[in-house]
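Working through the structure, step by step
Listed below are the residues making up each chain.
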Amino acid sequence: MISEMMKGLAGKNSAIRAMFEEGNRLAAIYGRENVYDFSLGNPNFPAPEAVKEVAIDILNNEDTLYLHGYMSNAGYPDVRKAIADSLNERFETKFTENNIIMTVGAAGGLNVILKTVLNPGDEVLTFAPYFVEYGNYVLNYGGVIKAVAPDTATFQPNLTAFEEMINPNTKAVIINSPNNPTGVVYSHETLTKIGEIMSAKEKEYGHEIYLISDEPYRELAYDGVDVPYVTKYYNDAFVAYSWSKSLSLPGERIGYVVIPSEMADFTITFEAASIANRVLGFVNAPSLQQRIVARCLNENTDLSGYDDNRKTLYEGLTAHGFECVFPQGAFYLWMKTPVSDKEFSEAAKEFNILVVPGTSFACPGYVRIAYCVAKETIVNSMAGFGKLAEKYGLK
């Protein structure tokens, strides 16, 4: 018999994945072009050409025994140094290779961090709405996730509620900016206040409270908006990064974790995280992908397509009378529903439109619409959204 924890998960796919599978079912009936699937954050835009060119060059010219062999659990030292140097140049930080651990994407990085810091029963706070898998990652290590209620006026973190919720059992706080699902970027003022609150609570309770910044969407920011770097605001801060979105490589599972030297007990924390990488079964991040991303640090997916989609979707939906948060980053639009989010999501299926209920992000009354799709999908979906608007009296 399987474990009690997995009994609760087996057969219960996330709402995001369930909608994705529903999209495949509808596509088989109506044709892919007639299904408007906004469920999954799966980039529709190709990786930069340089990624392919670098991969071919590496495979043709590097020693394959070295290339495909084991290395330090933290990853290739020269790759980690290249990443540290790039971060220092961009954000005026002072990292070295000894602050970087290569991971199996940001999700792998989050699990490495949580494995490193959590004891059973420790509490982890995050801000609603939040990515559903955070709860599962925390549960993996016996932790308890608690969501801070949202500020639905701005979808910046509700800092009053946050300060009230921190308690002696709080071990970590997960943030995500640019945010999935709202597209909001946490401001300098927000991060300053989070750092101040957490520093005061560390002193009050006499133990570290870690800030964990999940940053797969860092490079996807529009209109010149600044995405502040969190290690400047708080010493006990981890950063988990992935190239899944910035280079359109979600299936390659390559990312890293930053552990700043200013962190309390830095040396043992870095060592523990490196070992967590091993004992979780990752052993090390994919070797070929490490070599590739190290040579593509100045490459990015062209944001113009995402930006065009963002504006087209927002303008189309608001013209139909829907209330939406205009995204500053990532590739999701957060829309208020005129009825319950689950009822709206079911009604949208009648028009072959697939969106994810906000309940899945601990924030009912909204839906997430992923616009990392072909522009034609957005344009052609508007007739269905228009009929939904009529159905609910928005027009």
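Since this is a predicted model, take the numbers as computed values, not measurements.

**Brief notes about helix H6 (residues 105–117)**
With 13 residues, H6 should reach 18 Å at 1.5 Å per residue; the first-to-last C-alpha distance of 19 Å fits that figure. Buried residues dominate H6, accounting for ten of its 13 residues. If you check which residues of H6 are buried, you get Gly 105, Ala 106, Gly 108, Gly 109, Leu 110, Asn 111, Val 112, Ile 113, Leu 114 and Val 117.

**Observations regarding the sheet that holds strand E2 (residues 100–103)**
A sheet is described by the order of its strands in space; here seven strands give the open sequence E2-E8-E7-E6-E5-E3-E4, paired in mixed fashion. Each edge of the open sheet is held by one strand with a lone partner, namely E2 and strand E4 (144–148). Across the sheet, the mean angle separating the axes of adjacent strands is 20 degrees when strand polarity is ignored. In this sheet, strand E8 (residues 255–258) lies alongside strand E7 (residues 237–242) in antiparallel orientation, the contact comprising four bridges.

**Concerning the sheet that holds strand E13 (residues 366–370)**
Judged by pairing direction, the sheet is antiparallel, and its four strands sit side by side in the order E9-E10-E13-E12 without closing on themselves. Because the sheet does not close on itself, it has two edges, and the strands there are strand E9 (324–325) and strand E12 (356–357).

**A few points about the packing of aromatic side chains**
Summed over all chains, the structure comprises 25 aromatic pairs. Arranged with centres 5.1 Å apart and planes meeting at 25 degrees, the rings of Tyr 241 and Tyr 256 form a pair that is stacked. Of this pair, Tyr 241 sits in strand E7 while Tyr 256 sits in strand E8; the two residues are 15 residues apart in sequence, bridging distant segments of the chain. Under the relative-accessibility criterion, Tyr 241 is labelled buried at 4%. Residue classification places Tyr 256 among the buried positions, given a relative accessible area of 4%.

**A closer look at helix H9 (residues 188–205)**
Counted at 1.5 Å a residue, the expected span for H9 with its 18 residues is 26 Å, and the 26 Å between its end C-alpha atoms agrees. For H9, the full list of buried residues reads Thr 190, Leu 191, Ile 194, Gly 195, Ile 197, Met 198, Lys 201 and Glu 202. Its buried side turned inward, H9 meets strand E3 (123–127), helix H8 (159–165), strand E5 (170–176) and strand E6 (210–214). Remark: Gly 206 follows H9 within two positions and exhibits a positive phi of approximately 75 degrees.

**Focus: the packing of helix H5 (residues 77–91) against helix H11 (residues 287–294)**
For any two helices packed against each other, one specifies the inter-axial angle together with the distance between the axes. Packing of H5 against H11 leaves a shortest axis separation of 9 Å and a crossing angle of 35 degrees. At the point where H5 passes H11, the crossing takes the left-handed sense. Where H5 approaches H11, its residues Asp 78, Val 79 and Ala 82 are matched on the opposing element by Gln 290, Arg 291 and Ala 294. A breakdown of the residues in the contact of H5 with H11 according to their chemical character gives three nonpolar, one polar and two charged.

Definitions and limits used
- Residues numbered from 1 in each chain as written.
- Predicted model: local features only at pLDDT ≥ 70, side-chain atom pairs only at ≥ 80, totals over all residues.
- Heavy atoms only, no water.
- Helix = DSSP H or I, 4+ residues; strand = E, 2+ residues; numbered from the N terminus.
- Expected span 1.5 Å × (residues − 1).
- Buried < 20%, exposed > 50% of the residue type's maximum accessible area, 1.4 Å probe, protein only.
- Pairing = 2+ DSSP bridges.
- Axes fitted to C-alpha atoms, helices over the stretch in contact; angles between N-to-C directions.
- Phe/Tyr/Trp six-rings, centres within 6.5 Å; stacked < 30°, edge-to-face > 60°.
- Contact = heavy atoms within 4.5 Å.
- Left-handed = near helix turned anticlockwise from the far one by under 90°.
- Nonpolar A, V, L, I, M, F, W, Y, C, P; charged D, E, K, R; others polar.

Keep in mind these numbers describe shape, not what the thing actually does.
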